[in-house]
Amino acid sequence: MQTKVLSRDSFCWVYIVKENKETEEIGYSPSLPRMLAICRGKHLTYYRQFSHPVDGVAHKLYLQNLSAESLMHFVSYYNADGSNLLEEFQFINYHS
(Lines give C-alpha, C1' and ligand atoms only; values in the text may rest on other atoms or scores of the structure.)
Protein backbone atom coordinates (compact mmCIF):
# COMPACT_ATOMS: atom_id res chain seq x y z
CA MET A 1 0.00 0.00 0.00
CA GLN A 2 1.32 3.44 -0.84
CA THR A 3 2.22 5.90 1.89
CA LYS A 4 -0.34 8.66 2.33
CA VAL A 5 0.62 12.07 3.62
CA LEU A 6 -2.25 13.51 5.63
CA SER A 7 -2.66 17.24 5.65
CA ARG A 8 -5.22 19.31 7.44
CA ASP A 9 -4.81 21.86 4.63
CA SER A 10 -6.00 19.48 1.91
CA PHE A 11 -9.01 20.95 0.21
CA CYS A 12 -11.11 17.82 -0.20
CA TRP A 13 -11.36 14.09 0.30
CA VAL A 14 -12.96 11.27 -1.70
CA TYR A 15 -13.80 8.12 0.23
CA ILE A 16 -15.64 4.83 0.06
CA VAL A 17 -17.49 3.42 3.06
CA LYS A 18 -19.48 0.26 3.61
CA GLU A 19 -22.48 0.14 5.88
CA ASN A 20 -23.10 -3.54 5.25
CA LYS A 21 -21.58 -6.16 2.99
CA GLU A 22 -23.45 -5.09 -0.17
CA THR A 23 -23.76 -1.33 0.17
CA GLU A 24 -20.84 0.89 -0.75
CA GLU A 25 -21.11 4.66 -0.64
CA ILE A 26 -18.73 6.88 -2.57
CA GLY A 27 -18.48 10.26 -0.96
CA TYR A 28 -16.83 13.65 -1.26
CA SER A 29 -15.96 15.91 1.65
CA PRO A 30 -14.44 19.39 1.65
CA SER A 31 -12.46 18.71 4.85
CA LEU A 32 -10.91 15.93 6.87
CA PRO A 33 -12.97 16.61 10.03
CA ARG A 34 -16.18 16.44 8.02
CA MET A 35 -15.11 13.22 6.31
CA LEU A 36 -14.29 11.63 9.67
CA ALA A 37 -17.67 12.71 11.07
CA ILE A 38 -19.50 11.20 8.08
CA CYS A 39 -17.52 7.94 8.26
CA ARG A 40 -17.86 7.47 12.02
CA GLY A 41 -19.45 4.10 12.75
CA LYS A 42 -18.97 2.88 9.18
CA HIS A 43 -16.26 0.80 7.50
CA LEU A 44 -13.91 3.11 5.57
CA THR A 45 -12.40 1.03 2.76
CA TYR A 46 -10.71 3.77 0.68
CA TYR A 47 -9.82 7.44 0.88
CA ARG A 48 -7.76 9.93 -1.06
CA GLN A 49 -7.06 13.62 -0.53
CA PHE A 50 -6.96 16.29 -3.24
CA SER A 51 -5.63 19.84 -3.25
CA HIS A 52 -8.09 21.01 -5.89
CA PRO A 53 -11.84 20.41 -5.68
CA VAL A 54 -12.18 19.73 -9.42
CA ASP A 55 -9.73 16.83 -9.12
CA GLY A 56 -11.71 15.43 -6.19
CA VAL A 57 -15.03 15.68 -8.00
CA ALA A 58 -13.53 14.09 -11.12
CA HIS A 59 -12.16 11.19 -9.07
CA LYS A 60 -15.52 10.69 -7.35
CA LEU A 61 -17.29 10.63 -10.74
CA TYR A 62 -14.71 8.16 -12.05
CA LEU A 63 -15.36 5.82 -9.11
CA GLN A 64 -19.13 6.16 -9.49
CA ASN A 65 -18.90 5.12 -13.14
CA LEU A 66 -16.99 1.90 -12.43
CA SER A 67 -18.91 -1.35 -12.48
CA ALA A 68 -19.41 -3.01 -9.08
CA GLU A 69 -16.76 -5.59 -9.95
CA SER A 70 -14.24 -2.95 -11.10
CA LEU A 71 -14.87 -0.89 -7.96
CA MET A 72 -14.25 -3.98 -5.83
CA HIS A 73 -10.93 -4.60 -7.63
CA PHE A 74 -9.98 -0.92 -7.28
CA VAL A 75 -10.61 -0.94 -3.54
CA SER A 76 -8.82 -4.25 -3.03
CA TYR A 77 -5.77 -2.88 -4.86
CA TYR A 78 -5.45 -0.03 -2.33
CA ASN A 79 -6.75 -1.95 0.69
CA ALA A 80 -5.87 -5.60 0.07
CA ASP A 81 -6.88 -6.91 3.49
CA GLY A 82 -10.13 -4.92 3.62
CA SER A 83 -9.26 -3.29 6.93
CA ASN A 84 -11.20 -0.34 8.30
CA LEU A 85 -9.02 2.63 7.40
CA LEU A 86 -10.66 4.78 10.07
CA GLU A 87 -8.10 3.25 12.42
CA GLU A 88 -5.42 5.32 10.64
CA PHE A 89 -7.17 8.41 12.00
CA GLN A 90 -7.66 7.22 15.59
CA PHE A 91 -5.20 9.73 17.07
CA ILE A 92 -6.45 12.72 15.07
CA ASN A 93 -8.67 15.01 17.09
CA TYR A 94 -10.04 17.53 14.60
CA HIS A 95 -13.10 19.60 15.31
CA SER A 96 -15.13 21.02 12.45
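So, how was this worked out
- Residues numbered from 1 in each chain as written.
- Predicted model: local features only at pLDDT ≥ 70, side-chain atom pairs only at ≥ 80, totals over all residues.
- Heavy atoms only, no water.
- Phe/Tyr/Trp six-rings, centres within 6.5 Å; stacked < 30°, edge-to-face > 60°.
- Helix = DSSP H or I, 4+ residues; strand = E, 2+ residues; numbered from the N terminus.
- Buried < 20%, exposed > 50% of the residue type's maximum accessible area, 1.4 Å probe, protein only.

Observations regarding the packing of aromatic side chains
Taken as a whole and judged by the stated rule, the model has 8 aromatic pairs. Summarising the aromatic geometry, the rings of Y46 and F74 are spaced 5.1 Å apart at their centres and angled 70° between planes, so their arrangement reads as edge-to-face. Taken together, the positions of Y46 in strand 3 (residues 43-50) and F74 in helix 3 (residues 68-78) put the pair 28 residues apart, joining distant regions of the chain. Residues Y46 and F74 agree in their burial class; the two are buried. A centroid spacing of 5.0 Å and a plane angle of 55° characterise the contact between F74 and Y78, whose relative ring orientation is tilted. A residue pair is termed a helical-turn pair when its members lie 3 or 4 positions apart in one helix, as F74 and Y78 do in helix 3 at 4 residues. The class of F74 is buried, set by a relative accessible area of 14%. Residue class for Y78 comes out partly exposed when judged on its relative accessible area of 23%.

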